Protein chains: 2
Amino acid sequence: MNERLQAFYRIRGDASSIEERARGVAIEQSVEAPLAVIRDPRILSDIVGQVASIEDQGGGWFGVRIDLASATVGEDAGQLLNMLFGNASLYDDVVLDDAVFPPGLLAAFGGPRHGAAGLLARAKAEGRALTCSALKPQGLTVEELAALAYSLALGGLDYIKDDHGLANQSFSPFEDRVRACATAVRKAGATTGRPTRYVPNLNGHFGQIERQIGIARSEGLDTAMIAPMIAGVPTLQALCRAHPDFAFIAHPAMTGATRVSPYLFAKLFRLFGADASIFPNPGGRFGFTMACCDKITDALRGPWDGLRASLPVPAGGMTLQRVPELLDYYGRDAMLLIGGALLSAPPETLVKETATFVRAVTDYRYG
Amino acid sequence: MNERLQAFYRIRGDASSIEERARGVAIEQSVEAPLAVIRDPRILSDIVGQVASIEDQGGGWFGVRIDLASATVGEDAGQLLNMLFGNASLYDDVVLDDAVFPPGLLAAFGGPRHGAAGLLARAKAEGRALTCSALKPQGLTVEELAALAYSLALGGLDYIKDDHGLANQSFSPFEDRVRACATAVRKAGATTGRPTRYVPNLNGHFGQIERQIGIARSEGLDTAMIAPMIAGVPTLQALCRAHPDFAFIAHPAMTGATRVSPYLFAKLFRLFGADASIFPNPGGRFGFTMACCDKITDALRGPWDGLRASLPVPAGGMTLQRVPELLDYYGRDAMLLIGGALLSAPPETLVKETATFVRAVTDYRYG
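Residues numbered from 1 in each chain as written. Chains lettered and ligands numbered in written order. Predicted model: local features only at pLDDT ≥ 70, side-chain atom pairs only at ≥ 80, totals over all residues.

Overview of the overall build of chain A
For clarity, the threshold we go by: Counting from the N terminus, the helices are the DSSP runs of H or I reaching at least four residues and the strands are the DSSP runs of E reaching at least two. Once C-beta atoms are placed from the backbone, each residue is buried if 20 or more other C-beta atoms lie within 10 Å of its own, exposed if 12 or fewer, and partly exposed for counts between those two. This entry defines residue contacts through backbone-placed C-beta atoms, with two residues in contact when those atoms are within 7 Å.
In terms of regular secondary structure, chain A is built from 15 helices and twelve strands. A total of 367 residues make up chain A; the buried ones form 60% of that total. The long-range fraction of contacts in chain A, counting pairs at least 24 apart against all pairs at least 6 apart in sequence, stands at 68%.

The following block contains the structure:
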């Protein structure tokens, strides 16, 4: 239970305040609540992130190691990402550099089922590297892609993968494409005598991907590609567990420094169907500006061709005292989220404090 | 078929080269192949991204609008994210600022099922904003969380949500937690007469989340939270479709400027089970340095407590001419991925070019 993983961050700051800032990140990435809220000594000792070291790297940046409890991960890939950088991704002075995992987590995730050696062995590539090309551009028809695959396979490649842009578009639907390309590659293999592999690009959610794996399997395929930061890392994890005979190739789409404006995410979440979106309000624990907040709010509930509005949920260090100000700004079409500040109240007055919050919102005079 | 969405990027550059750079991004975010590869005029006109406008924003940054074909999205949320920023996320001179969607895509995704009005109506909050708090810190037992929920509900909140750090950890497993907190909130509601809602935090892949929704449903809940950038945006999309009676609250974990070193993603993908990982090799279309590449390669196949090695797949603009150099560096435990450069060959010589690539790798003298 007391195992910890080590998360390595770079944090911008100055020598006088870096210790406090590092502690702030350690708290954000573990209990996400003021330490004053935590009355259980077991949580303080076993769950709260611990700042293990701080090193001045020069230029206003500090290397900070924070040790996070393995127990908080719960053996889920998404939750691991969440613990490492979920909220810290919202801090523009924090970079996640590295992580080191204890044996328990390594065993829980388990790494590749086949890995480098397995892929080399499958390709009967003794003592050499593997070859691969991609089917593209998107927009080609199924027949055109299959013809391309056939040519590439005739050339004797080890792997021929879908371009990561090939999903389930009308111009080359997944099932038709996979059956046609697999057939083409098999046919070429009968000529070349080489075990060329066609690697379809998986897309959608886990349920859809399960069906896609079934199609691939029925064509005798044993390898597939997935972009984990698009499908979600829990999907990659589950696929590896559910299909130990399959090999999975990760595509790096969306793994770069994301640099997407937060407002656009709010907009996308609305587009995809989120009924409400939480975001950091200015003046809390995150450095979002009021201008950014204006845009988020507008993205969530501004007129948009008949789409229903999403409910803005400003959060991230809001306090009871700020309720009137928040309501002045957001009006009634909002949900106020107050976490730590409310829980800072001693247990015996929590109900009362909560009721005060409720009343402040209920009694506010909406314009 | 010819509908387009508008993607708005900021691109760093200078006036003399910005047009070319913008075209490069438009190609990367659509066909991902040199235009010389594309012989079908329909793809050139209907599929290739079009640079619609370039505006000098000063300070070395340019606002660029690129119009992308709706047909390339295929109605999948993940694929939309992919088209907007999948590979561009790997360019450090490109920021994705905004996107505007045509009616066809709006209809395909459909937005919230309940939205702001539905959430307000459910809470019977007439003419006022909603209230919400969060159950935290993680590390509390099920009983402690339920007690907390009970107190918060007694205070009369509209919504009480799990902290986004509450997943399925041993200290508060999802099912036990949700049943206990739902019961506590119901009990409090019988006292207050208010329809306080408990909102569990969904986690894992779509299959796991389906089971979680079932548990929530059996407790009479009708609202849940999800972090789409952790679960994967296709999961959010599918949940909204599969459970139109549920409301979903989006959590912003991982939506900040990601700023995660690419090498760590490679390491994580290995940890989660990817048998191979594609990444941009230096000297191609992406600005990754050799030092970064060293780290990625080491993350993928360096010794790691008995985990199998992942196969590095250097890519992103590699050419036949570079095969020896790539093999000098990667040796046999690698997969060379050559896409556009190979496909640049005219159709009649593609087989031969491909065979040349294969031979270059086969005949290379591995050390």
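Next comes the rest of the description.
Details of helix α1 (residues 18-28) of chain A
Every buried residue belonging to α1 of chain A is among Ile18, Arg21, Ala22, Val25, Ala26, Ile27 and Glu28 of chain A, and all of these are buried. For α1 of chain A, the secondary structure elements touched by its buried residues are β1 (4-12), β2 (50-58), β3 (61-69) and β4 (94-100) of chain A.

Let's talk about the nonpolar core
Defined as follows: Nonpolar cores are built from buried Ala, Val, Leu, Ile, Met, Phe, Trp, Tyr and Cys residues. These are joined into a set through C-beta atoms within 7 Å.
Counting residues in hydrophobic clusters, the biggest one holds 210 residues, and the most contacted among them are Ala149 and Cys181 of chain A together with Ala149 and Cys181 of chain B. Not counting residues up to four positions away in its chain, the partners in contact with Ala149 of chain A are Leu135, Ile160, Cys181, Ala184, Val185 and Tyr198 of chain A.

Let's talk about the sheet that holds β4 of chain A
Residues and elements named next belong to chain A. Keep this limit in mind: Only strands that DSSP links by at least two bridges are regarded as paired with each other. Here an axis means a line fitted to C-alpha atoms, over the contact stretch when the element is a helix, while the angle between two N-to-C directions is reported on a 0 to 180 degree scale.
As summarised here, the arrangement of the four strands in space is β2-β3-β1-β4, forming an open sheet in which the pairing is antiparallel. Each end of this open sheet is capped by a strand with a single partner; those strands are β2 and β4. Ignoring strand direction, the axes of neighbouring strands in this sheet form an average angle of 20 degrees. As defined by bridge partners, β2 adjoins β3 across seven bridges and the pair is classed as antiparallel. Looking across to β3, one finds that Ile54 is bridged to Val64.

Quick word on the domain arrangement of chain A
All names here are of chain A. Defined as follows: Where each domain begins and ends follows an automated or database-derived domain assignment. Amino acids outside the nonpolar list (Ala, Val, Leu, Ile, Met, Phe, Trp, Tyr, Cys, Pro) and the charged list (Asp, Glu, Lys, Arg) are all regarded as polar, and Gly is one of them.
If you check the domain split of chain A, you get domain 1 (4-109), domain 2 (115-250) and domain 3 (262-363). When each unit is reduced to the centre of its C-alpha atoms, the spacing between domain 1 and domain 2 is 38 Å. In this complex, domain 1 contributes five residues to the contact, which on the side of domain 2 involves five residues. Among the elements that line the side of domain 1 that touches domain 2, the one with the most residues is helix α3 (residues 77-86), at three residues. Taken together, the residues that form the side of domain 1 that touches domain 2 break down as three nonpolar, one polar and one charged.

Focus: helix α12 (residues 290-301) of chain A
Here is the rule we go by: The span expected for a helix works out to 1.5 Å for each residue beyond the first.
Spanning twelve residues, α12 of chain A covers 16 Å between terminal C-alpha atoms, matching the ideal 16 Å at 1.5 Å per step. Of the residues making up α12 of chain A, those classed as buried are Cys293, Lys295, Ile296, Thr297, Ala299, Leu300 and Arg301 of chain A.

Quick notes on the environment of Val51 of chain B
All names here are of chain B. When you line up the elements, Val51 lands in strand β2 (residues 50-58). Its 20 C-beta neighbours within 10 Å are what place Val51 among the buried residues. Considering only alpha carbons, one finds Val51 and Ala7, 44 residues apart in sequence, at a separation of 9.6 Å. The contacts of Val51, once residues within four sequence positions are left out, are Ala22, Arg23, Ala26, Val64 and Ile66.

Focus on the packing of helix α6 (residues 142-154) of chain A against helix α7 (residues 174-192) of chain A
Residue and element names in this part refer to chain A. Condition: If an angle is under 35 degrees, it is roughly parallel; if it is over 145, roughly antiparallel; if it lies from 65 to 115, roughly perpendicular; otherwise it is oblique. Helix crossings fall into two classes, left-handed where the near helix is turned counterclockwise from the far one by less than a right angle and right-handed where it is turned clockwise.
For the pair α6 and α7, interaxial distance at closest approach is 8 Å and the crossing angle is 25 degrees. Regarding the angle of α6 to α7, the classification is roughly parallel. Every pair of crossing elements has a handedness; the one defined by α6 and α7 is right-handed. Residues Val142, Glu143, Leu145, Ala146, Ala149, Tyr150, Ala153 and Leu154 of α6 form the contact with α7, whose participating residues are Asp176, Arg177, Ala180, Cys181, Ala184, Val185, Lys187, Ala188, Gly189, Thr191 and Thr192. When its residues are assigned to classes, the contact of α6 with α7 shows twelve nonpolar, three polar and four charged.

Looking at unusual backbone geometry
Residue and element names in this part refer to chain A. A cis amide bond links Lys136 to the next residue, Pro137, at an omega of -5 degrees. In this structure, Pro137 sits in the loop between β5 (130-135) and α6. Phi is positive for Glu75, close to 65 degrees, though the residue is something other than glycine.

A word on the sheet that holds strand β1 (residues 4-12) of chain B
Pairing between the strands of a sheet comes from backbone hydrogen bonds, and it takes one of two forms, parallel or antiparallel. Residue and element names in this part refer to chain B. Sheet architecture is open: four strands sit in the order β2-β3-β1-β4, paired in antiparallel fashion. Of all strands in the sheet, those bounded by a partner on one side alone are β2 and β4 (94-100). Across this sheet, the average inter-strand angle for adjacent strands is 20 degrees, counted without regard to direction. Contacting β1, β2, β3 (61-69) and β4, helix α1 (residues 18-28) crosses the sheet at an angle of about 130 degrees to β2.

What about the packing of helix α3 (residues 77-86) of chain B against helix α10 (residues 233-242) of chain B?
All names here are of chain B. Two numbers describe how α3 lies on α10: the axes approach to 7 Å, and their chain directions differ by 145 degrees. For the pair α3 and α10, the sense of crossing is right-handed. Across the interface between the two elements, Ala77, Gly78 and Leu81 of α3 pack against Val233, Pro234, Leu236 and Gln237 of α10. For the contact of α3 with α10, a count of residues per class yields five nonpolar, two polar and no charged.

Description of the environment of Gly316 of chain A
Among the structural elements, Gly316 of chain A can be located in the loop between β11 (311-315) and α13 (323-330). Classification of Gly316 of chain A by C-beta neighbours within 10 Å gives buried; the count is 23.

Digging into the confidence of the model for chain A
Put simply, the rule reads: The predictor reports its confidence for every residue as pLDDT, a score running from 0 up to 100.
Of all residues in chain A, 87% have pLDDT values of 70 or greater, and the mean over the chain is 82. Both confidence scores are given for the complex: pTM 0.80, ipTM 0.79.

Some details on the pairing of strand β6 (residues 159-162) of chain B
Residues in a regular strand project their side chains so that they alternate between the two faces of the sheet. Judged from the three bridges that link them, β6 of chain B and strand β7 (residues 197-199) of chain B form a sheet pairing that is parallel. Across the sheet, the residue bridging to Lys161 of chain B is Val199 of chain B, located in β7 of chain B.

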